[in-house]
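# Report on the structure
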Amino acid sequence: MKALRVLLMLYSVGGCYFSTSFQKRSKFYSDPTEAVKDIPNGATVLVGGFGLCGIPENLINSLLKTGVKSLTAVSNNAGVDNFGLGLLLQTKQIKRMISSYVGENAEFERQYLAGELEVELTPQGTLAERIRAGGAGIPAFFTATGYGTLIQQGGSPIKYRKDGTIEIPSEPREVREFNGRHYIMEKAITGDFALIKAWKADKAGNIVFRKTARNFNQPMCKAAKVTIVEVEEVVDVGTFATEDIHIPSIYVHKVVQGGSYEKRIEVLKGGIIQAEKPKPKKDSDIVRERIIRRAALEFEDGMYANLGIGIPMLASNFIKQDITVHLQSENGILGLVRVILIVHLHVVLVLTGKETVTVLPGAAYFSSDESFAMIRGGHVNLTMLGAMQVSKHGDLANWMIPGKMVKGMGGAMDLVASAGTKVVVTMEHSAKGGKHKILDKCSLPLTGKQCVDRIITEKAVFDVDQTKGLTLIEIWEGLTPEDIKACTGTEFEVSPNLKPMQQI
Ligand SMILES: *[C@@H]1O[C@H](CO)[C@@H](O)[C@H](O)[C@H]1NC(C)=O
């Protein structure tokens, strides 16, 4: 009898076969409040979701009812003022957030700057991997992400005092060199509880996610002592093909069938793309279009590319009809026809033609830890993103202006730290008032050190040698290298093959 039970347990670990004598590990609830009522004050809670996609909304709402306090919430984002974790911020139930991007939430900003809330900003890929490592029993790991930035140096504000000085600074990270590159040590994250949103559970507690909602939910399932999953539907055992199960029941302790779901989409400011050819009106539009039409020439057939919001995404509208570019993105794309809304998703998109972008057959959905394995592992050919400053050796600053609200670095630090990925910066040549953006040394906090390979502005294109410096390779018609010198804050070489700036 004993032997038989052991055997059945092993089967269940594989998520394969069940017998009627199998004792269910997962408990099923109809009331989400019942499922979360054991969460005590001071608990660390991992909360799944990306932006407003795939967040455990019923479980979060139930914490409003239990009134639990002093939570440490590990979540990529902080919701918006009236939805998701934003609700628990309003009721001041959260003491500390560990997140990569916390923009879009005014109450969050107020509490943080007033010293009422602790915030540990963590690069997105590092956050996903810290959680993955936590679930896999790995106490720490080394990553190139954040080397040479505030993340490594420490001292960035986790908590302010009322007078605006720093009460809790972030800790510096240990640096090690492997094969001639620098890496920093990041520690695993585990939770007392994980609050997860999935699509369906079977009655044995196996889980599947819907489309892009896998995001942080998948690694978080594995990294908590108690994993509580809310699902839209509970189905009979055997409904899922065994090989299609995303999370085996071994990781799942409680399952709640949620009630209604709001399908919210976060529309980012400036995130609306006009797939139509932009009609330049103002000088700034002309400048943007010039950069976009040059940036589009960076795409090559068969390439995998990750594009930042704004000019890089807009450049994808100009990709030639006869080439296919695979977009690897935290920003999925929804809807076609003229206006494309950018939502927070993880998705591989295949992009064809000029005016329509959609998820085509052959695309794949994956989780956040997987997304950043692709990025960190150097599998993405091209990263294109904006910048506030770039130095002659390719240091990049694009995430923080001290003294102003810091929204977080999102995935930018991970993207630029990837060896083997070409990093192209698209930006206006100078800041407002003519301040230089291309400099000897960046004055703003870095996103990455010696990471940029090419700079495209409305006036020029530079190649960056991360030890030797800049070379001017293209120049806008009518301008001379002397004109470029006058508006650039550092020296550069002029290529013997200097060309007029190319446009698609
Ligand atoms: C993309 O990168 C892979 C290696 O990761 C390489 O084999 C491939 O040729 C690259 N493709 C393009 C179009 O650059």
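The notes below deal with the structure included here. Predicted model only: the values in this text are computed from it and were never measured.

### What about the site of the ligand?
For the ligand, the full set of nearby residues is Asp301, Met303, Gly378 and Asn381. Relative to its free-state accessible area of 370 Å², the ligand is covered by the protein chains to the extent of 42%. For the shell around the ligand, the class distribution of residues is 1 nonpolar, 2 polar and 1 charged.

### A short note on unusual backbone geometry
Of note, serine 70 is a non-glycine position whose phi angle comes to about 55°, a positive value. Residue placement: serine 70 occurs in the loop between α3 (57–66) and β3 (71–74). Here asparagine 179, not a glycine, exhibits a phi torsion of approximately 50°, which is positive. Tracing the chain through its elements places asparagine 179 in the loop between β9 (175–178) and β10 (181–187). On the accessibility criterion, asparagine 179 (83% relative accessible area) is exposed.

### A look at empty space enclosed by the protein
Taken as a whole, this structure holds 2 cavities of 30 Å³ or more when the rule is applied. Quantified by volume, the largest cavity comes out at close to 60 Å³. Lining the largest cavity, in full, are Val47, Gly48, Gly49, Phe50, Gly51, Ile55, Ile60, Ser75, Asn77, Gly79, Gly84 and Leu85. Considered class by class, the residues forming the lining of the largest cavity number 5 nonpolar, 7 polar and no charged.

### What to know about the pattern of salt bridges
Tallied over the entire structure, the rule returns 22 salt bridges. The residue glutamate 116 makes a salt bridge to arginine 110 at a minimum N-O spacing of 2.9 Å. Of the charged contacts in the structure, one is a salt bridge between glutamate 233 and lysine 200, with a shortest N-O distance of 4.0 Å. Of this pair, glutamate 233 sits in strand β15 (residues 233–235) while lysine 200 sits in strand β12 (residues 200–202), and the two are 33 residues apart along the sequence. Each of Arg294, Glu298, Lys422, Arg454, Asp463 and Glu474 takes part in one network of salt bridges that share partners.

### What to know about the state of the cysteines
Per the stated rule, a full pass over the model turns up 0 disulfides. As a non-bridged cysteine, cysteine 451 has cysteine 442 as the owner of its nearest cysteine sulfur, 8.8 Å distant. Given the relative accessible area of 7%, cysteine 451 is considered buried.

### Observations concerning the side chain of arginine 293
Along the chain, arginine 293 falls in helix α9 (residues 283–295). Using a relative accessible area of 16% as the deciding quantity, one classes arginine 293 as buried. A distance of 2.4 Å separates a polar atom in the side chain of arginine 293 from a polar atom in the side chain of glutamate 289.

### Some remarks on the packing of aromatic side chains
In total, this model carries 5 aromatic pairs according to the counting rule given. Residues phenylalanine 178 and tyrosine 183 carry aromatic rings whose centres are separated by 5.6 Å and whose planes lie at 70° to one another, so their mutual orientation is edge-to-face. By relative accessible area, phenylalanine 178 is classed as partly exposed at 32%. Three or more aromatic residues link up through ring pairs in this structure, and these residues are Phe108, Tyr112 and Tyr160.

### Overview of the sheet that holds strand β23 (residues 389–391)
The strand order β24-β23-β26 describes an open sheet built from 3 strands, whose pairing is mixed. Every other strand in the sheet has two partners, leaving β24 (396–397) and β26 (438–439) as the edge strands with one partner each.

### Comments concerning the nonpolar core
Ranked by internal contacts, the top residues of the largest apolar core, which has 38 residues, are Ile39, Phe108, Leu195 and Ile228. Sequence-distant contacts of leucine 195, that is, excluding residues within four places in its chain, are made with Val36, Ile39, Val45, Leu46, Val47, Gly48, Pro56, Leu59, Leu63, Asn217 and Ile228. With 26 residues, the next largest nonpolar core counts Val287, Met303, Ile323 and Met501 among its residues.

### Overview of the sheet that holds β12
Sheets are built from strands that pair by backbone hydrogen bonding, the pairs being arranged parallel or antiparallel. With mixed pairing, the 3 strands of this open sheet are ordered in space as β13-β12-β15. If you trace the sheet from one side to the other, it starts and ends with β13 (207–208) and β15, each paired once. Pairing of β12 with β15, which is carried by 3 bridges, proceeds in the parallel orientation. The residue bridging aspartate 202 from the neighbouring strand is valine 235, located in β15.

### A few points about the pairing of strand β28 (residues 460–465)
Side chains on a regular strand alternate between the two faces of the sheet. By the bridge criterion, 3 bridges tie strand β27 (residues 454–456) to β28 in an arrangement that is antiparallel. From the neighbouring strand, isoleucine 456 faces β28, where its bridge partner is valine 461. Hairpin geometry of β27 and β28 is characterised by an intervening segment of 3 residues between the two adjacent antiparallel strands. Both β28 and strand β29 (residues 469–475) contribute to a ladder of 6 bridges, which runs antiparallel. Within the sheet, the bridge partner assigned to phenylalanine 462 lies in β29 and is leucine 472. Counting the residues that bridge the hairpin from β28 to β29 gives 3 residues.

### Let's talk about the environment of asparagine 217
Here asparagine 217 lies in helix α8 (residues 217–221). Accessibility expressed as a relative area gives 0% for asparagine 217, which makes it buried. Distance from asparagine 217 to phenylalanine 50, taken between C-alpha atoms, is 8.7 Å for residues 167 residues apart in sequence. Setting aside its immediate chain neighbours within four residues, asparagine 217 contacts Gly48, Gly49, Gly54, Leu195, Ile196, Lys197 and Phe209.

### Some details on the pairing of strand β16 (residues 254–257)
Of the strand pairs in this sheet, strand β1 (residues 27–29) and β16 are connected by 3 bridges, and their pairing is parallel. Across the sheet, residue tyrosine 29 finds its bridge partner in β16, namely valine 256. Sheet topology places strand β14 (residues 224–231) next to β16; 4 bridges connect them, and they run parallel. By the bridge assignment for β16, glutamate 230 is matched with valine 256.

Cut-off values and rules
Every chain's residues receive numbers from 1 upward, in the order its sequence appears when written. In keeping with the predicted nature of the model, local features appear solely for residues at pLDDT of at least 70, side-chain atom pairs appear and are counted solely at 80 or more, and the whole-chain, interface and lining totals rest on all residues. Note that the side-chain values use all heavy atoms of the structure and ignore hydrogens as well as water. The criterion for a residue being near a molecule or strand is simple. One of its heavy atoms has to lie within 4 Å of it. Accessibility throughout is a Shrake-Rupley quantity obtained with a 1.4 Å probe, and a residue counts as covered only by protein chains that appear here. Nonpolar residues are Ala, Val, Leu, Ile, Met, Phe, Trp, Tyr, Cys and Pro. Charged residues are Asp, Glu, Lys and Arg, and all others, Gly as well, are polar. Secondary structure elements follow DSSP: runs of H or I no shorter than four residues count as helices, runs of E no shorter than two count as strands, and numbering proceeds from the N terminus. Per-residue accessibility, obtained with a 1.4 Å probe over protein chains only, is compared with the maximum for each type, and a residue is labelled buried under 20%, exposed over 50%, and partly exposed between these values. Points on a 1 Å grid, built from protein atoms alone, make a cavity when a 1.4 Å probe fits but cannot get out and make a pocket when they are open with protein on both sides within 12 Å along at least 5 of 7 lines; residues with an atom within 4 Å of a point are the lining residues. Grid points are joined across faces, edges and corners, and a volume is the space filled by probe spheres set on the points. We define a salt bridge as a side-chain nitrogen of Lys or Arg found within 4 Å of a carboxyl oxygen belonging to Asp or Glu. Here, the term disulfide refers to a pair of cysteine sulfur atoms separated by no more than 2.5 Å. As used in this structure description, the phrase polar contact means that two N or O atoms lie within 3.5 Å; if the pair is within protein, one of them must be able to donate a hydrogen and the other to accept it, and residues adjacent in sequence are counted only when both atoms belong to side chains. Between rings of Phe, Tyr and Trp, where Trp is taken as its six-membered ring, a pair exists when centres lie within 6.5 Å; planes separated by under 30 degrees are stacked, by over 60 edge-to-face, and by other angles tilted. Pairing between strands is defined by DSSP: at least two bridges between the two strands are required. Residues enter a nonpolar core if they are buried and are Ala, Val, Leu, Ile, Met, Phe, Trp, Tyr or Cys, with the set joined through side-chain atoms within 4.5 Å. Contact definition: two residues touch when any of their heavy atoms are within 4.5 Å.

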